[in-house]
Amino acid sequence: MSNYPLGRALARGACVSALAVSMMSTSVFGQSVDLSKWSPEYVRSIAGTETYNTAEQCGAVTPLDYKGKLTFWYQGVFEGDPDLLRQYYKDFFAAFRETYPNIDLQEQALTYNDLLDKFRTALLGNAGPMVVRLQILGGVEFASKGYLQELKPEDVGWKTEDFWPGAMKSVMWEGKAYGIPTNNETMAFIWNADIFEKAGLDPETPPATWDEVVEYSKKIHDELGIAGYGLVARKNAGNTPYRFMPQLWAYGGGVFDEADANPNYGEIRLDSPESIRALQASYDMYVRDQSVPVSALTNQQADNQPLFLAGQVAMMISHPSDYNVMLDLQAKATGADKETAQTVIDNMRYGLIPTGPDGKRAVVFGGSNIHILNPEYVEGGEVDEAAAKAMVCFWTSPEWSLKMAYAGSNPGNLNGFKTEWMKQRLDSIKFLDVTTSMLPYGIPFPTLPETPEIMNIIIPDMLQNALTGAMTVEEAAADAAQKVRDVTDGGGL
Amino acid sequence: MTTMTGKLSAAPEHLTRRPNVLRQMWTSRADYLYVLPAIVVMLVVIAYPIYYTIDLSFFKTPPGLQLRDKIFVGVDNYGAILSSEVFWKVTLNTVIWTIASTMIAFVLGFGAALALHRDFAGRAILRAILIIPWVISAVAASYIWKWIYHSDFGVLGAVLVQFGFLDRQPNFIDNVNSVLPSLIVVNIWREFPFAMIMLMAGLQTVPDQLLRAAKVDGASAWQRFWHVTFPHLRGVSTVTILLLAVANFNSFIIPWIMTGGGPSNASHIWITHIYELAFGRQRWGVAAAYSVLLFIILMVLGYFYVRALSGNESKEHGA
């Protein structure tokens, strides 16, 4: 294991520790909702208790008759999202244009895997948009480079306490906020009860630990000849770290100490015995038992969805929106496929993500944040501040931060949980309470500029090196730890 | 004195040559004016990026710094590349990818061109069908082939199992040993029509009377091909091979979409690795150094391409 330069580590540690403590604690004072009471019952009890008028609230930030221009890029819907979400995105932009008819809005949607590359390239040519909505791991990279303006919830009419402390941590760089969370997500464990039953497992009881996931996956494969667990290990895809990091943390491992109560990212733990054990679990499923899809190395979650629907994968980690995705896919199926799909949907179950051997449960605290750029990096060299704030206010409002996360995520603005739409959502989106129950187990990615490279390149590389036999599990972990060491020291290839 | 005179007498000869060049340029100023817009465009979109890439290759660009704050490291990036294990792995992949794709596509294209040069029923339809891989979008083709090769539910694997060639679904693209050959097959499938078209055009230039004369003289089909047809195709063959080689060195879409360079870097070639270094990892300096090396190799290929073209022209003029 190696260390960061001490001074750098201490400085970072000081910046993040206070926020990290609040994230890991379930007892946070001053929040708009009482996080210490967080449970599916509590979420149900507050849903529909407040009404909000978005136009009125955002009108206080930027007058509704304001005339201006705005360029906006955002991580939009992609092939793995349900149709329901597509409709909400259309509704959002229609509502914004209706509320601010004199703002000339030029929006551009980009997929998760393309957004960072395109945004980085645009910034090099000072051709960025005025406002950008980025995945949660992207903000710190750009804030550290000075591309983003300081921006906190109070700048657009909200309070910092209106947002998850863990989410606020993801927009902080050296003690200052550079963005506002739009939505926050924690995934859940999904299984097919019918397959469980056919394989001789209790259909209503998911594996409690990751060791049991390995065991169940093998049993399902041995009994039925299909894949047990929907492993994902593609490189350059956000899906891979979102599914491997919960496993890594549950075993007690980590890239750094990000899963600790007070992380300072000073210690690299990818080659620790706990991390190796987590990697070994994936190796056992892919190589030893061959109980997961062979295509895992080139698959994204969007590739696993049809396999699950076809009854060829029994377990996977994903969003509540996957239920809606299955409904969409089933509607498009024909003949016998339609029946098979219906059986899978009827037998779809959601549960908490399994724990590690010591009972530790973890999930990536994911989501997205919205940012305003510094004018010099924007095409034309100017940012229309009022128009930009109107957009930020609109998206982070209780109404729209909930609606834009309707099927797949949770509102960034905690007041969204109190709206009438949350109540509707609880009634219409199956398994929502399971994923909201995972929120307190959420661990944010390390807030370092190097995090995108670590999560999107180094972690998948480690998995691929071990699963293809290019390296042993220990060698792959050591190689990944060395790469993290190199990248944090500014070197390596 | 004599020596001095000798030097002086040589000087006017040298000096008179320069004004002649300038005078010639002045005389042909209209021609230069015509090509000036093209030269300006080339300077802006080709020369400046080349200069900038070379310049950038001497800098380090850590993820926490903006590009303008880059750190000068001299030739360290080149040293890091050349001493990296990944570089040599990717280089070997690139060489295998380029040579195998180029040569096999050429041979298949040559065979198809010879077959389609003969007159037979349905020739036009067959020619149109064979051109399809070349006209289809590379992105669409990559996605289609990804599903054809799918390691769990691929059509190709299912057919092989169905007909009893294999007892289980083969692993084409999720295996470090088979991924590169599998991608090369896709690349050849896409490129051989190009070779076929080029060589079909070349076959039109083989004088029919020579072939008939050779036949009258008792030459066998192979002798007619080897001694008459093939020499006439040498020029177009060289150009085709060079164009394919350059295209393959720069080939990005198929490996990137189908595997992203994986698994475990087994299908990374230079161009995909450069892209990942630059856009995925923000190692702009290292990526620039990589690009400079690739540029040098392509320039060498370009030199041979131009020489081949010039050779053809002079042969034609000579003939």
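Numbering of residues starts from 1 in every chain and runs along the sequence as written. Labels are handed out in written order, letters beginning with A for the chains and numbers beginning with 1 for the ligands. Per-residue local features are limited, in this predicted model, to residues with pLDDT of at least 70; the limit for side-chain atom pairs, both in listing and counting, is 80 or more; totals at the level of whole chains, interfaces and linings are taken over all residues. Side-chain measures here rest on the full set of heavy atoms in the structure, leaving out hydrogens and waters.

A. A look at the overall build of chain A. Within chain A one finds 20 helices and 14 strands. The globule rule used for comparison is 2.2 Å times the number of residues to the exponent 0.38, while the radius of gyration itself is calculated over C-alpha atoms. Computed over the C-alpha atoms, the radius of gyration of chain A is 22 Å, within 12% of the 23 Å expected from 2.2 N^0.38 for a compact globule of 493 residues. Taking the principal axes of the C-alpha coordinates as reference, chain A spans close to 65 × 55 × 40 Å. By definition, residues are in contact when any of their heavy atoms lie within 4.5 Å. Within chain A, contacts between residues at least 6 apart in sequence are counted, and of these 76% link residues at least 24 apart. Helix and strand definitions here come from DSSP, where helices need a minimum of 4 consecutive H or I residues and strands a minimum of 2 consecutive E residues; each element is numbered from the N-terminal end.

B. Just the overall build of chain B, in detail. Tallying secondary structure elements over chain B gives 13 helices and two strands in all. Relative to the globule expectation of 20 Å for 319 residues, the C-alpha radius of gyration of chain B, 26 Å, shows a markedly less compact shape. Its C-alpha atoms give chain B principal-axis dimensions of roughly 95 × 75 × 35 Å. To sort residues, take the accessible area from a 1.4 Å probe on protein chains only and compare it with the maximum for the residue type: under 20% means buried, over 50% means exposed, and anything in between is partly exposed. Considering chain B as a whole, with its 319 residues, one finds that 39% of them fall into the buried category. Considering only residue pairs separated by 6 or more positions, chain B has 65% of its internal contacts joining residues 24 or more positions apart. Total accessible area on chain B is roughly 18000 Å²; 70% of this is exposed by carbon and sulfur atoms. Per-residue accessibility takes into account occlusion by the displayed protein chains alone, with areas from the Shrake-Rupley method and a 1.4 Å probe.

C. Highlighting the packing of helix α6 (residues 138–149) of chain B against helix α7 (residues 155–162) of chain B. All names here are of chain B. Orientation is described by axes fitted as lines to C-alpha atoms, over the contacting stretch for helices, and by angles from 0 to 180 degrees between their N-to-C directions. Relative orientation of the contacting elements α6 and α7 amounts to 35 degrees, with a least axis distance of 4 Å. Here Trp147, Ile148 and Tyr149 of α6 come into contact with α7, specifically with Val155, Leu156 and Gly157. For the contact of α6 with α7, a count of residues per class yields five nonpolar, one polar and no charged. Any residue outside Ala, Val, Leu, Ile, Met, Phe, Trp, Tyr, Cys, Pro, Asp, Glu, Lys and Arg is labelled polar, Gly included; the first ten of those are nonpolar and the last four are charged.

D. Region of the structure containing the confidence of the model for chain A. One confidence number per residue, pLDDT, is output by the predictor and ranges from 0 to 100. A residue-level look at chain A finds 92% of positions with pLDDT of 70 or above and a mean pLDDT of 88. When the criterion is pLDDT under 50, residues 1–29 of chain A qualifies, and its contacts beyond four places in sequence or with other chains add up to 61 contacts.

E. Structural context of the domain arrangement of chain A. All names here are of chain A. Assigned domains within chain A: domain 1 (23–186 + 365–443) and domain 2 (188–363 + 450–488). If you look at the interface, domain 1 gives 34 residues, while domain 2 gives 36 residues. The quantity reported as buried area is the accessible area (1.4 Å probe) lost by two parts once they are put together, taken as the sum for both. Summed over both sides, the interface of domain 1 with domain 2 buries roughly 2800 Å², with 64% coming from carbon and sulfur. On the domain 1 side of the contact with domain 2, Phe431, Met438 and Ile443 bury the most area, a combined 22% of that side's loss. By convention in these notes, a salt bridge is any Lys or Arg side-chain nitrogen within 4 Å of a carboxyl oxygen on Asp or Glu. Scanning the region where domain 1 abuts domain 2 turns up zero salt bridges. In protein, a polar contact requires one atom able to donate a hydrogen and another able to accept it; more generally it is a pair of N or O atoms within 3.5 Å, and residues adjacent in sequence count only if both atoms are side-chain atoms. Along the contact surface separating domain 1 from domain 2 lie five residue pairs in polar contact (both at pLDDT 80 or more). Broken down by secondary-structure element, the contributors of at least two residues to the side of domain 1 that touches domain 2 are α4 (83–99), α5 (112–124), β12 (366–372), α18 (432–438) and β14 (442–443). Per-class residue counts for the side of domain 1 that touches domain 2 are 17 nonpolar, nine polar and eight charged. Source of the domain bounds: an automatic or database domain assignment.

F. Representation of the pattern of salt bridges in the model. Residues and elements named next belong to chain A. Per the stated rule, a full pass over the model turns up 27 salt bridges over all chains. The shortest N-O distance in the salt bridge between Glu107 and Arg97 comes to 2.6 Å. Taken together, the positions of Glu107 in strand β2 (residues 103–110) and Arg97 in helix α4 put the pair 10 residues apart, joining distant regions of the chain. The class for Glu107 is partly exposed, based on a relative accessible area of 28%. Where Lys176 meets Glu150, a salt bridge forms, and the shortest distance between an N and an O atom there is 3.8 Å.

G. How the structure looks around the interface of chain B and chain A. Listed by partner, the interface residues are 41 residues for chain B and 41 residues for chain A. When chain B packs against chain A, the two sides together hide about 3300 Å² of surface, and 50% of this comes from carbon and sulfur. Where chain B touches chain A, the interface holds four salt bridges. The salt bridge partner of Lys235 of chain A is Glu276 of chain B, with a shortest N-O separation of 3.3 Å.

H. Layout of unusual backbone geometry. Residues and elements named next belong to chain B. Here the amide bond leading from Gly262 into Pro263 is cis, since omega sits at -10 degrees, within 30 degrees of zero. Mapped onto the elements of the fold, Pro263 is located in the loop between α11 (253–258) and α12 (270–280). Positive phi, close to 55 degrees, is recorded for Ser264, a residue that is not glycine. Here Ser264 shows up in the loop between α11 and α12. Of note in this structure, Asn265 is not a glycine but carries a positive phi near 65 degrees.

I. Just the sheet that holds strand β9 (residues 313–318) of chain A, in detail. All names here are of chain A. Strand order in the open sheet made by the four strands is β8-β9-β7-β10, with mixed pairing throughout. For this open sheet the edge positions go to β8 (227–229) and β10 (348–351), each flanked by a neighbour on one side alone. The average undirected angle you get between the axes of adjacent strands in this sheet is 25 degrees. The rule for pairing is simple: two strands pair if DSSP sees at least two bridges between them. Across two bridges, β8 lies against β9 in parallel orientation. Bridge assignment links Tyr229 to a residue of β9, and that residue is Met315.

J. The packing of aromatic side chains, seen in detail. Residues and elements named next belong to chain A. Between the rings of Phe, Tyr and Trp (Trp by its six-membered ring), a pair exists once the centres lie within 6.5 Å; its type follows the angle of the planes, with under 30 degrees stacked, over 60 edge-to-face, and the other angles tilted. Across all of its chains, the model carries 55 aromatic pairs over all chains by this definition. When the ring of Phe119 is compared with that of Phe142, the centres are 4.7 Å apart and the planes differ by 70 degrees; the resulting orientation is edge-to-face. Of the two residues, Phe119 is situated in helix α5 and Phe142 in helix α6 (residues 139–144); the sequence distance between them amounts to 23 residues. Considered together, Phe119 and Phe142 belong to a single accessibility category, that of buried residues. Counting every residue linked through ring pairs, the aromatic cluster contains Phe72, Tyr74, Tyr89, Phe92, Phe93, Phe96, Tyr100, Phe394, Trp395 and Trp400. Our definition puts a charge over a ring when NZ of Lys or CZ of Arg is within 6 Å of the ring centre and also within 35 degrees of the ring normal. Across the ring face of Trp73, the terminal group of Lys118 is positioned such that the distance to the ring centre comes to 5.2 Å.

K. Molecular detail of the packing of helix α12 (residues 301–309) of chain A against helix α13 (residues 321–332) of chain A. Residue and element names in this part refer to chain A. Put simply, α12 and α13 touch, their axes get as near as 10 Å, and they point 65 degrees apart. You can see that α12 and α13 cross each other, and the crossing is right-handed. The segment α12 lies against α13, with Gln301, Gln305, Pro306, Phe308 and Leu309 engaging Asp322, Val325, Met326, Leu329 and Gln330. Taken together, the residues of the contact of α12 with α13 break down into six nonpolar, three polar and one charged. Crossing handedness is defined as follows: a turn of the near helix away from the far one that is anticlockwise and smaller than a right angle gives a left-handed crossing, while the clockwise case is right-handed.

L. Region of interest: the layout of surface pockets. Reported here for the second largest pocket is a volume of approximately 700 Å³. As defined here, a cavity is a set of points on a 1 Å grid over the protein atoms alone where a 1.4 Å probe fits but cannot get out. A pocket is an open set with protein on both sides within 12 Å along at least five of seven lines, and residues line them when an atom is within 4 Å of a point. In terms of lining, the second largest pocket is formed by 28 residues, of which the most central are Val292 and Val294 of chain A together with Ser151, Asp152 and Arg168 of chain B. Looking at the lining of the second largest pocket, the elements with two or more residues in it are α11 (273–288) of chain A together with α7 of chain B. Grouping the amino acids of the lining of the second largest pocket by side-chain chemistry returns 14 nonpolar, 10 polar and four charged. Grid points are joined across faces, edges and corners, and a volume is the space filled by probe spheres set on the points.

M. Spotlight on the pairing of strand β6 (residues 180–185) of chain A. Residues and elements named next belong to chain A. In terms of burial, β6 is a largely internal element, six of the six residues being buried. Judged from the five bridges that link them, β6 and β12 form a sheet pairing that is antiparallel. Pairing of Glu185 across the sheet is with Gly366, part of β12. The sheet contact formed by β6 and strand β13 (residues 410–411) spans two bridges and is antiparallel. When the bridges of β13 are listed, Asn183 appears paired with Pro411.

N. Summary view of the sheet that holds strand β3 (residues 131–135) of chain A. Residues and elements named next belong to chain A. Spatially, the six strands line up as an open sheet ordered β2-β1-β3-β12-β6-β13, and their pairing is mixed. Looking along the sheet, the strands with just one partner apiece sit at the ends: β2 and β13. Sheet contacts for α5: β1 (68–75), β2 and β3; angle to β3, the most-contacted strand, approximately 135 degrees.

O. Inspection of the pairing of β9 of chain A at higher detail. Residue and element names in this part refer to chain A. Of all the six residues making up β9, six are buried; the element is thus mostly covered by neighbouring parts of the structure. Across four bridges, strand β7 (residues 188–192) lies against β9 in antiparallel orientation. Paired with Trp191 across the two strands is Met315, which belongs to β9.

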